[in-house]
Amino acid sequence: MYEYSVTALDSPLYSTTCHLQGQFRLNGMHKAGDVVLGGLFEIHFFSVFPDLSFTSKPQQPICHGFDVLGFRQAQAMAFAVDEINRNSDLLPNVTLGYSLYDNCVKLGIGFRAALSLASGQEEQFMLNETCVGNPPVIGIVGDSSSTRSIAISAVLGLYRVPMVSYFATCSCLSNWQKFPSFFRTIPSDAFQVRAMIQILRRFGWTWTGLLVSDDDYGLHAARSFQSDLAQSGGGCLAYLEVLPWGNNPFELKRIVDVMKKSTARVVIVFAHESHMIHLMEEVVRQNMTGLQWMASEAWTAATVLQTPQFMPYLGGTLGIAIRRGEIPGFRDFLLQIRPDLNHKNSYGNNMVSQFWEYTFRCKFAPPPAGWVEAGGALCTGQEDLASVETEFLDVSNLRTEYNIYKAVYSLAYALDDMLRCVPGRGPFSVWHSCDALQTLEPWQLIHYLEKVNFTTTFGDQVSFDENGDALPIYDIMNWQWLPDGKINVQNVGVVKKSASKGEELTLDEENIFWSFVFKQTPQSKCSESCSPGSRMTRKKGQPVCCYDCVACSEGKYSNETDSMECSSCPEDFWSSPQRDHCVPKKTEFLTYEEPLGICLTTASLLGTFICAVVVGIFIHHRSTPMVRANNSELSFLLLASLKLCFLCSLLFIGHPRLWTCQLRHAAFGISFVLCISCILVKTMVVLAVFKASKPGGGASLKWFGAGQQRGTVLLLTSIQAVICTAWLVSSSPVPQKNTQYYNDKIVYECVVGSTVGFAVLMGYIGLLAILSFLLAFMARNLPDSFNEAKLITFSMLIFCAVWVAFVPAYINSPGKYADAVEVFAILASSFGLLMALFGPKCYIILLRPERNTKKAIMGRGLTKMEM
């Protein structure tokens, strides 16, 4: 930045002279001090560049469009320096000075100003042999723009000149490697973006539009917003548009058309107020109402937009605002500002004079040509500033000024810590040295800036993290258009980050004013919420926020709004008809209360009763030939076994228990084997009697006496008992909850345990039944006196037919119907045996007693033994 030349003198020592290559004449304010702080502020809106070359004669840029709030921001720095100088505890015996420049909202001018602060404005600078001397400034407060801060900090960072910005929010500036000397007292856009997303999630706004300015501020915010929104899963962007610089009617009309066609009701804008002015003019032109605006900190406090022209469209806006603070004594300081008529052309006084002319609508002498003739007033410098209604004196809403105040104090506290360094305990590598004020260099201050930690009089803690960012905190503002036409920007919440609680959002929703179109919290969704009992399915080719609602399938549920998936109910539960919760599954088993159970129970008891009646008949007529001729002992045993067959069917009805599962098949198997064993012995006796009736066949009867008959029945039944015992011991039937038959029901059933055991039990019954059938079939043509063989043949035919039909019916019957089929088979076969074997006999005993004679039974007079 300097041009160095060495000139030989008479002395053997040499003196080094440093010459500026060029000098910039800039609009600024200055105050001398032992240590000087630099500042960059927007005091004019517009500028005209004459020539930027170093070779041309230096000319001052022409700036116009005085910004009274920018001037107040510069005065905030001047006030902070003045207050520090009056504080005996902070920087004692050190006087702070300042050099403040106007950047005219231009990168070129701001860059010139930053170089002037770093290099100084003296045309020639003499250095002695020790090269001691203070630098022009030890730190710079500014700049306000992210674009200008990026450019300036990239250069000043090479020389480690500390730069503390009060309004540059681009998240890119948090890169400590690229910007090693950059700090800021305003939160990064990364935090602002996360704060925006927290507000979106609070109100359920998942479908939003995003407008950004065409600069580093807007473009970096757009990238950060898209990335964080995708990671949070909190919503989708309906559109993303870049606002043009200046008034571009065609582009603005296209953007507003996109907004009108979109179904998104919430619009987020990261742009400057100049962009918003042009945009809102197009919005008003197209009369586009019904939008909920969300403002970034760049235009939340823009009074130029808070007008009756725009408020019908911007009423209800929610905005992120810089933390408001209070600066005691600042208003009194502002009231003391006076132009110096004796030095009215000096740099600092020139800025004050411009403010004075802007505020009182006058001109200092000599006025421009024609000013007095046109009725213009001349400024005296004695005008009363307190008598003027101006926002310059309104210190109730200090936000940017509060950040400037904290930035100045950060530099002051860092300098104070450095000057309090104890030699030998310093932070620098050479003998843990400390630096004196006379040898101070800007880079040394960075170490102490990193360690700064103080609390303002307003109660806010100020410190910097490893990226140079301060502890983030924002106010949430709401633009309220009151019924009387007044416009109020109300604080309705705060979002901040702390080390203990992380990021916190606090909103006073009851005091939020919503647009007159909404009158209540607006909704902004691509698709309506999916109610409990349904899930979201993404529409093909659409963002994830655009979806259809599909009802949960059977057995699944969702008990939350906008569920992504339906959850499966637990094993013993099923989804409700609304699919919003799970209910216990219905249980199914053959009960005594249902019609089918009642019918089967009635049939079982009826069969048991008929058996009892037949037993009574046989007992009552036990001396008659019909009873005596059919071996009454086997007949009574057969009736008893049939009664057991009828009764064992009741074990298949009711809730399956372990004992009923084990007993039902054992009782069924033994009862039927006992029954069929009696029939088999009867059949064998019939054949033996017939054989004995022939010459030389009497010896065959000795094997079929009463004892042998009882023994045969007992032996055959015992075999079944052994089979059942082995089955129950090895792998007995157990109750089981079966969910395979029905999805919404639990079928309680008995599983057989060992399939082999069950097959052997059934196979043994079938073997005896087939043997009885074959023997009876062989004896069917015996003389009529032995016609019981025909009854046995018929009964066995019925028995076998029932149980052959039972197998496929049982296999294909689910749940309780399998038990019903088995009970039906037991009852059908039992009734078949009962009716086939004892029906004809009871008929003769009761209705044809004349046939119940020995002669009628013996027929041809064959000698018979009592069977």
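Below is a summary of the structure that appears in this document. Sequence order as written defines residue numbering, which begins from 1 separately in each chain. Reporting of local features is limited, given that this is a predicted model, to residues whose pLDDT is at least 70; pairs of side-chain atoms are given and counted only at 80 or more, and all residues count toward the totals for whole chains, interfaces and linings. Here the side-chain values reflect all heavy atoms present in the structure, with hydrogen atoms and water set aside.

## Things to note about the state of the cysteines
Selection rule: Cysteine sulfur atoms that come within 2.5 Å of each other are treated as a disulfide pair. Where helices and strands are cited, they refer to DSSP runs of H or I of at least four residues and of E of at least two residues respectively, numbered from the N terminus. Think of it in three bands: residues with accessible area under 20% of the maximum for their type are buried, residues over 50% are exposed, and the middle band is partly exposed, with areas taken using a 1.4 Å probe on protein chains only.
Considering all chains together, one arrives at 9 disulfides under this definition. Linked covalently through their sulfurs, cysteine 236 and cysteine 545 form a disulfide whose S-S length is 2.1 Å. Handedness of the cysteine 236-cysteine 545 disulfide follows from its S-S torsion of about 85°: it is right-handed. You can see cysteine 236 sitting in strand β13 (residues 236-243) and its partner cysteine 545 sitting in the loop between β24 (534-538) and β25 (547-551), a full 309 residues away along the chain. Given a relative accessible area of 9%, cysteine 545 falls into the buried group. Here cysteine 661 is linked by a disulfide to cysteine 750, with a sulfur-sulfur distance of 1.7 Å. When the S-S torsion is -70°, as for the bridge of cysteine 661 with cysteine 750, the disulfide is left-handed. Of the two residues, cysteine 661 sits in helix α16 (residues 658-692) while cysteine 750 sits in strand β32 (residues 745-751), which places them 89 residues apart along the sequence. With respect to class, cysteine 661 is no different from cysteine 750; both count as buried. Here cysteine 611 stays unpaired: no disulfide links it, and the sulfur of cysteine 645, its closest cysteine neighbor, is 8.6 Å away.

## A look at the nonpolar core
Under the convention used in this document: Buried Ala, Val, Leu, Ile, Met, Phe, Trp, Tyr and Cys residues that are joined via side-chain atoms within 4.5 Å together make up what is termed a nonpolar core. In what follows, a contact means two residues having at least one pair of non-hydrogen atoms within 4.5 Å.
Counting residues in hydrophobic clusters, the biggest one holds 102 residues, and the most contacted among them are Phe71, Phe225 and Phe270. The element contributing the most residues to this core is helix α11 (residues 400-419), with 11 residues. Residues within four places of phenylalanine 270 in sequence aside, it is in contact with Gln192, Val193, Met196, Leu210, Leu211, Val212, Ser213, Tyr217, Gly218, Ala221, Phe225 and Ser296. One finds Trp727, Phe806, Ala820 and Leu827 within the second-largest nonpolar core, a separate group that totals 68 residues.

## What about the sheet that holds strand β10 (residues 163-165)?
Formally: Pairing between two strands requires that DSSP report at least two bridges joining them. Angles run from 0 to 180 degrees between N-to-C directions of axes, and those axes are lines fitted to C-alpha atoms, restricted for helices to the stretch in contact.
The 6 strands lie next to each other as β3-β7-β4-β9-β10-β11, forming an open sheet whose pairing is mixed. Every other strand in the sheet has two partners, leaving β3 (28-31) and β11 (182-184) as the edge strands with one partner each. Across this sheet, the average inter-strand angle for adjacent strands is 20°, counted without regard to direction. Bridge count for β10 against β11 is 3 bridges, and the pairing is parallel.

## Things to note about the packing of aromatic side chains
We apply this condition: Paired rings are identified among Phe, Tyr and Trp, the last through its six-membered ring, by centres lying within 6.5 Å, and are further divided according to the angle between planes into stacked (under 30 degrees), edge-to-face (over 60) and tilted (the rest).
The full count for this structure, using the stated rule, is 36 aromatic pairs. Ring geometry for phenylalanine 66 and tyrosine 358: centres 5.5 Å apart, planes at 40°, overall tilted. On the criterion of sequence distance, the pair formed by phenylalanine 66 in strand β6 (residues 62-66) and tyrosine 358 in helix α10 (residues 347-360) is long-range, its members being 292 residues apart. You can call phenylalanine 66 buried: its relative accessible area is 10%. Ring geometry for phenylalanine 355 and phenylalanine 392: centres 4.4 Å apart, planes at 45°, overall tilted.

## A short note on the pairing of strand β14 (residues 266-270)
Condition: Handedness of a crossover is defined as follows: orient the strands so they point away from the viewer, and if the path from the first strand over the helix to the second runs clockwise, the crossover is right-handed.
Within β14, 5 of the 5 residues are buried, which leaves it mostly tucked inside the rest of the structure. Across the two faces of β14 the burial is the same, with Val266, Ile268 and Phe270 and Val267 and Val269 all buried. Where strand β12 (residues 207-213) and β14 come together, 5 bridges link them in parallel fashion. Each bridged residue has a counterpart across the sheet, and for glycine 209 the counterpart in β14 is valine 267. Bridge analysis of β14 against strand β15 (residues 292-295) gives 4 bridges, and the strand direction is parallel. Bridging across to β15, valine 269 finds its partner in alanine 295. Taken together, β14, helix α7 (residues 273-286) and β15 form a β-α-β motif whose crossover is right-handed.

## Regarding the packing of helix α13 (residues 595-620) against helix α15 (residues 632-648)
Heads up, the rule is: Note on angle classes: values under 35 degrees are labelled roughly parallel, values over 145 roughly antiparallel, values of 65 to 115 roughly perpendicular, and the remainder oblique. Helix crossings are classified by the rotation of the near helix relative to the far one: an anticlockwise turn of less than a right angle makes the crossing left-handed, while a clockwise turn makes it right-handed. Residue polarity follows a fixed list, in which Ala, Val, Leu, Ile, Met, Phe, Trp, Tyr, Cys and Pro are nonpolar, Asp, Glu, Lys and Arg are charged, and the others, Gly among them, are polar.
Here α13 crosses α15 at 165°, and the two axes come no closer than 8 Å. By the angle between their directions, the pair α13 and α15 is classed as roughly antiparallel. The handedness of the crossing between α13 and α15 is left-handed. Taking contact as the criterion, the partners of Ala603, Ser604, Gly607, Thr608, Cys611, Ala612, Val614, Val615, Phe618 and Ile619 in α13 are, on α15, Ser635, Phe636, Leu639, Leu642, Lys643, Phe646 and Leu647. Residue composition of the contact of α13 with α15, grouped by class: 12 nonpolar, 4 polar and 1 charged.

## Describing the sheet that holds strand β30 (residues 586-588)
Here we have 3 strands laid out as an open sheet, ordered β30-β32-β31, and mixed in their pairing. In the strand order of this sheet, the two ends are held by β30 and β31 (734-738), each with one partner. Between one strand axis and the next, the sheet turns by 25° as a mean value, whatever way the strands run.

## Here we look at helix α20 (residues 816-847)
Our working rule: The bend reported for a residue corresponds to the angle between axes fitted to the seven residues ending at that residue and the seven starting there.
Where α20 bends most, at phenylalanine 838, the angle is about 45°, and the proline proline 840 comes one to four residues later. For α20, a buried count of 23 out of 32 residues is recorded, marking the element as mostly surrounded by other parts of the structure.

## Some points on the pattern of salt bridges
Rules: The term salt bridge refers to a pairing of a side-chain nitrogen on Lys or Arg with a carboxyl oxygen on Asp or Glu at a separation within 4 Å.
According to the stated counting rule, one finds 25 salt bridges in the structure shown. Across the pair aspartate 82 and lysine 31 runs a salt bridge, and its minimum N-O distance is 3.9 Å. Linking aspartate 82 in helix α1 (residues 68-85) with lysine 31 in strand β3, this pair joins segments that are 51 residues apart in sequence. Under the relative-accessibility criterion, aspartate 82 is labelled partly exposed at 21%. Among the residues examined, lysine 31 registers a relative accessible area of 30% and is labelled partly exposed.

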